[in-house]
Amino acid sequence: MKEIVRELLLDMINYISNQRDQLKYLGKIDIDSEDDQYYHQIRDLVEWLDLRMMKILKLNPKKLSLTKENFVNPQRYVEKMISLFKKCPELNELFKLGDEYIYFNSTLSEQEQNMIREFMDENRERKVTNFYIPIKKEDEE
């Protein structure tokens, strides 16, 4: 895996983990103008690259939709994604931004794409809560 791709992956992980003092490429975006200005866009990119989250969220491994039906304002989301790619052009090493989807950069082989997903799977901390609330039976009340 190219060093720039590895550093971008670490940047994205650090950004969504609120470790912004460690950013190399994403440190160039203006994060002070609005708190977590690009959080949702970067989180969605990370989740698409994360093997576990991709399966849980049932994401298409070939492309990430920019116009999900659960967005309140999909046009605003797309505008912010375009802005993110303009402010951090290094993201183009990893992704190709289309009109409705984000894809892997065509220069990345399938093997490299798998390595990227494995890297994300191994290096990302997930905050997952899984709990069980038992149903009270009538005789227990």
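Residues numbered from 1 in each chain as written. Predicted model: local features only at pLDDT ≥ 70, side-chain atom pairs only at ≥ 80, totals over all residues. Heavy atoms only, no water.

**Section: the packing of aromatic side chains**
- Throughout the structure, instances matching the rule amount to 4 aromatic pairs.
- An angle of 65° between the planes, with centres 6.2 Å apart, marks the rings of phenylalanine 85 and phenylalanine 95 as edge-to-face. With phenylalanine 85 in helix α4 (residues 74-87) and phenylalanine 95 in strand β2 (residues 95-97), the pair connects residues that are 10 residues apart, well separated along the chain.
- Exposure remark for phenylalanine 85: the relative accessible area of 5% places this residue in the buried category.
- Judged by its relative accessible area of 1%, phenylalanine 95 falls in the buried class.
- Feature note: the residues Trp48, Phe85, Phe95 and Phe104 constitute an aromatic cluster, connected by ring pairs.
- Here the basic side chain of lysine 80 rests over the ring of tyrosine 38, its NZ or CZ set 6.0 Å away from the ring centre. (Phe/Tyr/Trp six-rings, centres within 6.5 Å; stacked < 30°, edge-to-face > 60°. Helix = DSSP H or I, 4+ residues; strand = E, 2+ residues; numbered from the N terminus. Buried < 20%, exposed > 50% of the residue type's maximum accessible area, 1.4 Å probe, protein only. Lys NZ or Arg CZ within 6 Å of the ring centre and 35° of its normal.)

**Looking at the sheet that holds strand β3 (residues 101-104)**
- With respect to topology, 3 strands assemble into an open sheet ordered β1-β3-β2, the strand pairing being antiparallel. The sheet is open, and its two edges are formed by β1 (64-65) and β2, each paired on a single side.
- As paired strands, β1 and β3 are joined by 2 bridges and run antiparallel to one another. What sits directly across from leucine 64, in β3, is isoleucine 102.
- Against the sheet, helix α2 (residues 39-49) contacts β1, β2 and β3, and its axis sits at roughly 50° relative to β3. (Pairing = 2+ DSSP bridges. Contact = heavy atoms within 4.5 Å. Axes fitted to C-alpha atoms, helices over the stretch in contact; angles between N-to-C directions.)

**Some remarks on α2**
- α2 sits mainly inside the fold: 8 of its 11 residues count as buried.
- If you check which residues of α2 are buried, you get Gln41, Ile42, Asp44, Leu45, Val46, Glu47, Trp48 and Leu49.

**Focus: the pattern of salt bridges**
- Counting across every chain of the model gives 5 salt bridges.
- With a closest N to O distance of 3.3 Å, glutamate 93 and lysine 2 form a salt bridge. Residue glutamate 93 is found in the loop between α4 and β2, and its partner lysine 2 is found in the segment before α1 (3-16); the two are separated by 91 residues along the sequence.
- Among the residues examined, glutamate 93 registers a relative accessible area of 29% and is labelled partly exposed.
- Close ionic contact of aspartate 44 with arginine 43 constitutes a salt bridge, the shortest N to O distance being 2.9 Å.
- The exposure class of aspartate 44 is buried, given its relative accessible area of 2%. (Salt bridge = Lys/Arg side-chain N within 4 Å of Asp/Glu carboxyl O.)

Treat this as a map of the structure, not an account of what it does.
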